[in-house]
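# Close look at the chain arrangement
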Amino acid sequence: MSSWSDARSPLPLLFRRHSSGDVKNLTSVSSSLLPAFGTVVDEGHVKLKKFVIAPYDYRYRWWQTFLVVLVVYSAWASPFELAFRKAATGSLLFVDLVVDGFFAADIILTFFVAYLDKSTYLLVDDHKKIATRYVTRLWFTMDVASTLPFQIIYRIITGETTEGQVFAFLNLLRLWRLRRVSELFKRLEKDVRFSYFITRLIKLVCVTLFAVHSAGCFYYWLAARHKTPKKTWIGDQVEDFKHRSIWLGYTYSMYWSIVTLTTVGYGDLHAVNTGEKVFNMFYMLFNIGLTAYIIGNMTNLIVHAAVKTFFMRDAINEILRYASKNRLPEGLREQMLAHMQLKFKTAELQQEEVLQDLPKAIRSSISQHLFRKTVEKSYLFQGVSEDLISQMVSEMKAEYFPPKVDIILQNEIPTDFYIIVSGAVEVLIYKNGTEQFLSKLGSADMAGEIGVMFNIPQPFIVRTKRLSQVIRISHHNLKQMVQPEHEDGKKIISNFLQYLKGLKQEIQEEIPFLTELIGDMNIEPTGSNEPQNLEASNSNENTNIKGTPETSSPIPSITPIRVIIHGHHPNKSTTEGDTSGKLIHLPDSIEDLYTLAEKKFGRRGSTILMDDGSQVEELNALRENDHLYIF
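Below you will find a few notes about this structure.

By size, the foremost hydrophobic cluster in this structure holds 49 residues, and its most contacted members are V375, F381 and M392. Sequence-distant contacts of F381, defined by excluding residues within four places in its chain, comprise V375, I389, M392, F417, I419, M446, L478, I492 and N495. By size, the runner-up hydrophobic cluster in this structure holds 40 residues, among which are L67, F84, A215 and W221.

This part covers helix 23 (residues 590-601). With 12 residues, helix 23 should reach 16 Å at 1.5 Å per residue; the first-to-last C-alpha distance of 16 Å fits that figure. All of the buried residues in helix 23 are L593, Y594, L596, A597 and F601. For helix 23, the arc enclosing every buried residue in end-on projection is 165°, short of the 170-degree limit, so these residues lie on one face. As for helix 23, its buried residues are in contact with strand 11 (562-566), strand 12 (582-585), strand 13 (608-609) and strand 14 (627-630). Just downstream of helix 23 lies G602, where phi reads positive at about 80°.

So, about the sheet that holds strand 6 (residues 425-431). The strand order across the open sheet formed by four strands is 4-9-6-7, and the pairing between neighbours is antiparallel. On the outer flanks of this sheet lie strand 4 (406-408) and strand 7 (434-441), each paired with one strand and no other. In this sheet, neighbouring strand axes are inclined to one another by 35° on average, regardless of whether the strands run parallel or antiparallel. Pairing of strand 6 with strand 9 (residues 461-464), which is carried by four bridges, proceeds in the antiparallel orientation. Bridge pairing in strand 9 links V427 to V462.

Bringing the packing of aromatic side chains into the picture now. Geometrically, a pair of aromatic rings is defined through the distance of the ring centres and the angle of the planes. What the rule picks out here adds up to 28 aromatic pairs. Here F66 and F102 contribute two aromatic rings whose centre-to-centre distance is 5.2 Å and whose plane-to-plane angle is 75°, an arrangement assigned as edge-to-face. Of this pair, F66 sits in helix 2 (residues 58-83) while F102 sits in helix 4 (residues 91-110), placing them 36 residues apart in sequence. Residue classification places F66 among the partly exposed residues on the basis of a relative accessible area of 34%. Note on F102: relative accessible area 31%, which makes it partly exposed. Taking 5.4 Å as the distance between ring centres and 20° as the angle between the ring planes, the aromatic pair formed by Y219 and F279 counts as stacked. Pair noted here: Y219 is in helix 10 (residues 196-224) and F279 is in helix 12 (residues 274-325), with a separation of 60 residues, a long-range link. The residues Y219 and F279 share a single accessibility class, namely buried. Taken together, the ring pairs connect Y73, W76, F80, F84, Y220, F241, W247 and Y250 into an aromatic cluster. One cation-aromatic arrangement involves R133 over Y115; the distance from NZ or CZ to the ring centre is 4.2 Å.

Before going further, it helps to examine the pattern of salt bridges. Summed over the entire model, instances satisfying the criterion amount to 22 salt bridges. E399 is the partner of R472 in a salt bridge, and the nearest nitrogen-oxygen pair spans 2.9 Å. Separated by 73 residues along the polypeptide, R472 in strand 10 (residues 468-474) and E399 in strand 3 (residues 397-401) bring together distant segments of the chain. R472 gets classed as partly exposed once you look at its relative accessible area, which sits at 22%.

Thresholds, definitions, all that
- Residues numbered from 1 in each chain as written.
- Predicted model: local features only at pLDDT ≥ 70, side-chain atom pairs only at ≥ 80, totals over all residues.
- Heavy atoms only, no water.
- Core = buried A, V, L, I, M, F, W, Y, C linked by side-chain atoms within 4.5 Å.
- Buried < 20%, exposed > 50% of the residue type's maximum accessible area, 1.4 Å probe, protein only.
- Contact = heavy atoms within 4.5 Å.
- Helix = DSSP H or I, 4+ residues; strand = E, 2+ residues; numbered from the N terminus.
- Expected span 1.5 Å × (residues − 1).
- Arc of directions from axis to C-beta.
- Pairing = 2+ DSSP bridges.
- Axes fitted to C-alpha atoms, helices over the stretch in contact; angles between N-to-C directions.
- Phe/Tyr/Trp six-rings, centres within 6.5 Å; stacked < 30°, edge-to-face > 60°.
- Lys NZ or Arg CZ within 6 Å of the ring centre and 35° of its normal.
- Salt bridge = Lys/Arg side-chain N within 4 Å of Asp/Glu carboxyl O.

If you want it as structure tokens, here you go:
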């Protein structure tokens, strides 16, 4: 390992492109070297030794890409020159020398390219270690063997010109360079800037063309080297093929190779001698494997593109079977199908699986970008602090609902409320056996907040009128976020009360105990940061709360905790008039609770028990709608 200076960390570092500054996109990250977990990442760039090239440097990457273009030429020229020796010693000779010169330069350049030690994940920039690693590996030997112009060297040493078959086969060593093409396709398949389907398709086409070209050239070589040219597959058609144009022979060779590969086999060009028949047998066996490889890859690409459709159809069939088995009504069945179809249609927009894999900060930033303006426009959160808005948007979940689907059911437990982002919904009420229309809600309007804020069963039905996108937040999350923010809580209550007063008379009449509920929440703001306490003996304390939902108030810092008191032991039968207990606001002390219970039941208790028989010693341990037995 190279000797690091004192300023360098001995731990694995994250190396980035020196020329691009900070990593700005996924492409930069994918081309960087990543450290192991638990290691320190340096914020700056570690400079390599002089005359050492980083393997991820963009200039070196462009050089490698240029060499791939030359590899394509080598892949075509090597089999071609084996079959047609005239071309190898003629016009293509100079081109081969130029191409070999570029690869010779790459061999020299490799001695100056740093490498990543996979045992320590440190970038090695020591010249001696780089050279030792390269020379002792097979790559160096094959790189040199595939670059040396053996025929030119032989001519220089002996002074003779020869077209021997040995040099033709030595030229096939250039096919070693094809590994660069394989590495390029691996990079492109992982690069999000390029289509995976197109990249794989091009790779399959390249493999097929190389197989066709190589087989045709080798088949022509068998005919050209046979002792009796007329007794060959091409000599049977063109007697003097050796003296005809090179491109005529190449055309015949490609025609035979393609016809054989596609298993058409017209029979006009067929094997004549034993050597050709043996080659044909091996080539057809190879074609079986190549065809299976191509068909398998194409099938995977096509099926991958249609897999979501298969899942959707299977899910719809399951719904139809379930609805038929349980004899569900037609309207409910249509809602189920519409929801399932919408789920698959909006999968690309929501991408929950993708978002779940992202860090929370990125998910929060996405939510802020998409929904912050909508939340700020909603009446309930106008005037609240920026911090509270940010917290709420981060906790909200986006959903789509198809037309004529119920978002909220009447009398259901108030667990969530919704803000409409787009689309339209209707507010209905089921009364006297029929549904009655009350109002229509649009973008930035809210639904379900009345039940959540009052902690009562949802008083209305909320149904989509057309395709609608909403964002949802639970009362539990709202409670946690508002609880420490007293001023924001007061503002929310003020906005809510003002909204209620502006409702139509017919809507107000449908909210049970609206006057009493508003009285519970109507608190005048003060200059203090602490919320005012309500009188424990509110006029609503005597209300019978049978059927009260077991949910907690979303803003306990503004509205005191409500509990249900009973004047007997939990194991004793209730007395008449105490069927369901009394709903009260929890006072400040246990002594005040005894006094309040004495007013309600006519006798003073000395013990407070819960449903399970546990004794209450601190009021701070109580939660919303707890049942207390005082006797």
